Amino acid sequence: MKLWSILGNSQALDGGAMFGNAPKAVWQKWLPADADNRVHLACRALLVDGIAGGRRVLFETGIGAFFDPKMRERYGVVESEHVLLRSLAEAGYTDADIDAVVLSHLHFDHAGGLLAAWQPDTPPRLLFPNARYIIGRQCWERALKPHPRHRASFIPEPPALLEASGRLELVDGTHT
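What you are looking at is a predicted structure, and each value in this text was computed from that prediction instead of being measured.

## Description of unusual backbone geometry
Move 1: Phi angles above zero are rare outside glycine, and Ala52 is one such case at about 45 degrees.
Move 2: By the element assignment, Ala52 lies in the loop between β2 (38–51) and β3 (55–59).
Move 3: Under the relative-accessibility criterion, Ala52 is labelled partly exposed at 48%.
Move 4: Its identity is not glycine, yet Phe128 carries a phi of approximately 60 degrees, on the positive side.
Move 5: By the element assignment, Phe128 lies in the loop between α5 (108–111) and β5 (132–136).
Move 6: When its relative accessible area of 0% is taken as the criterion, Phe128 is described as buried.

Right, dumping it as structure tokens:
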């Protein structure tokens, strides 16, 4: 079995949004903010090759490059290209080589990398055409009916696209 830490798109996120009610005086010693009060974050995925009979599993997809330029600026996504795809290629893989994508939840900074990079006048589309998409049932239900406080952390397109793929697996409890 081989493991890779795969780099995805990076983000400059408002420090208050990242650290919640922790005072800036505490967290800025660990991760200084820029002039716009943003902290710089890398989105990484874990690629496992050779698990369960030779399958390739990607854990998380990061923020990706699905936002249009205005939203990319608002949410501080640094790169316009899909860095995760480039990083997979550097490891010798394409998104079509992935057998399963496991997501901890569907916030855009964890699941945005499921979508192809934004292009004008092109509807969102899923990547990883041969993968099963594995998500906990409770996380799925939260994405479908988010609490108003968390609504901005979700993007509307992935649930419908995941269901339409016919490759969505919702799991309860442990899964092998």
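## Here's the deal with helix α6 (residues 137–144)
Move 1: Burial in α6 covers these residues: Cys139, Trp140 and Ala143. Seen along its axis, α6 keeps its buried residues to an arc of 100 degrees; they face one direction.
Move 2: Contacts made by the buried residues of α6 are with β5, α7 (157–165) and β6 (168–171).

## So, a nonpolar patch on the surface
Move 1: Side chains of Met1, Leu3 and Leu46 sit close together on the surface and give an oily, nonpolar patch of about 350 Å² of accessible area.
Move 2: The class for Leu3 is exposed, based on a relative accessible area of 58%.

## Concerning the layout of surface pockets
Unfilled space is identified by rolling a water-sized probe across the atoms.
Move 1: Put simply, the largest pocket is a space of about 480 Å³.
Move 2: Those elements giving two or more residues to the lining of the largest pocket turn out to be β1 (2–14), α1 (15–19), β2 and α5.
Move 3: The element that contributes the greatest number of residues to the lining of the largest pocket is β2, accounting for 5 residues.
Move 4: Of the residues in the lining of the largest pocket, the class split is 10 nonpolar, 6 polar and 7 charged.
Move 5: Volume-wise, the second largest pocket comes out at about 310 Å³.
Move 6: Around the second largest pocket, the lining is made up of 16 residues, and of these Phe66, Phe67, Trp118, Thr122 and Pro124 lie nearest the centre.
Move 7: When its residues are assigned to classes, the lining of the second largest pocket shows 11 nonpolar, 2 polar and 3 charged.

What counts and how
- Positions within a chain are numbered from 1, following the residues in the order the chain's sequence is written.
- In view of the model being predicted, local features appear only for residues whose pLDDT reaches at least 70, and side-chain atom pairs are presented and counted only at 80 or more, with totals across whole chains, interfaces and linings using the full set of residues.
- The side-chain figures draw on all heavy atoms in the structure; neither hydrogens nor water molecules are used.
- A helix here means a DSSP run of H or I that spans at least four residues, while a strand means a run of E at least two residues long, and both kinds are numbered starting from the N terminus.
- Between buried and exposed lies partly exposed: a residue is buried under 20% and exposed over 50% of the maximum accessible area for its type, with that area taken using a 1.4 Å probe on protein chains only.
- It is the directions from the helix axis to the C-beta atoms that the arc portrays.
- Here a residue-residue contact requires only that any non-hydrogen atoms of the pair lie within 4.5 Å.
- Exposure above 30% relative accessible area and no salt bridge define the residues that can form patches, which grow by joining like charges within 9 Å and nonpolar side chains of Val, Leu, Ile, Met, Phe, Trp and Tyr within 5 Å.
- Shrake-Rupley sampling with a 1.4 Å probe provides the accessible areas, and residues are treated as covered by the protein chains on show and by no other component.
- For this analysis, a salt bridge means a side-chain nitrogen from Lys or Arg found within 4 Å of a carboxyl oxygen belonging to Asp or Glu.
- We place a 1 Å grid over just the protein atoms. Points where a 1.4 Å probe fits but has no way out form a cavity, open points with protein on both sides within 12 Å along at least 5 of 7 lines form a pocket, and any residue with an atom within 4 Å of a point lines it.
- Grid points are joined across faces, edges and corners, and a volume is the space filled by probe spheres set on the points.
- Throughout this entry, Asp, Glu, Lys and Arg are counted as charged residues, while Ala, Val, Leu, Ile, Met, Phe, Trp, Tyr, Cys and Pro are counted as nonpolar. The remaining residues, Gly among them, count as polar.

Bear in mind that shape data such as this cannot, by itself, settle questions of function.
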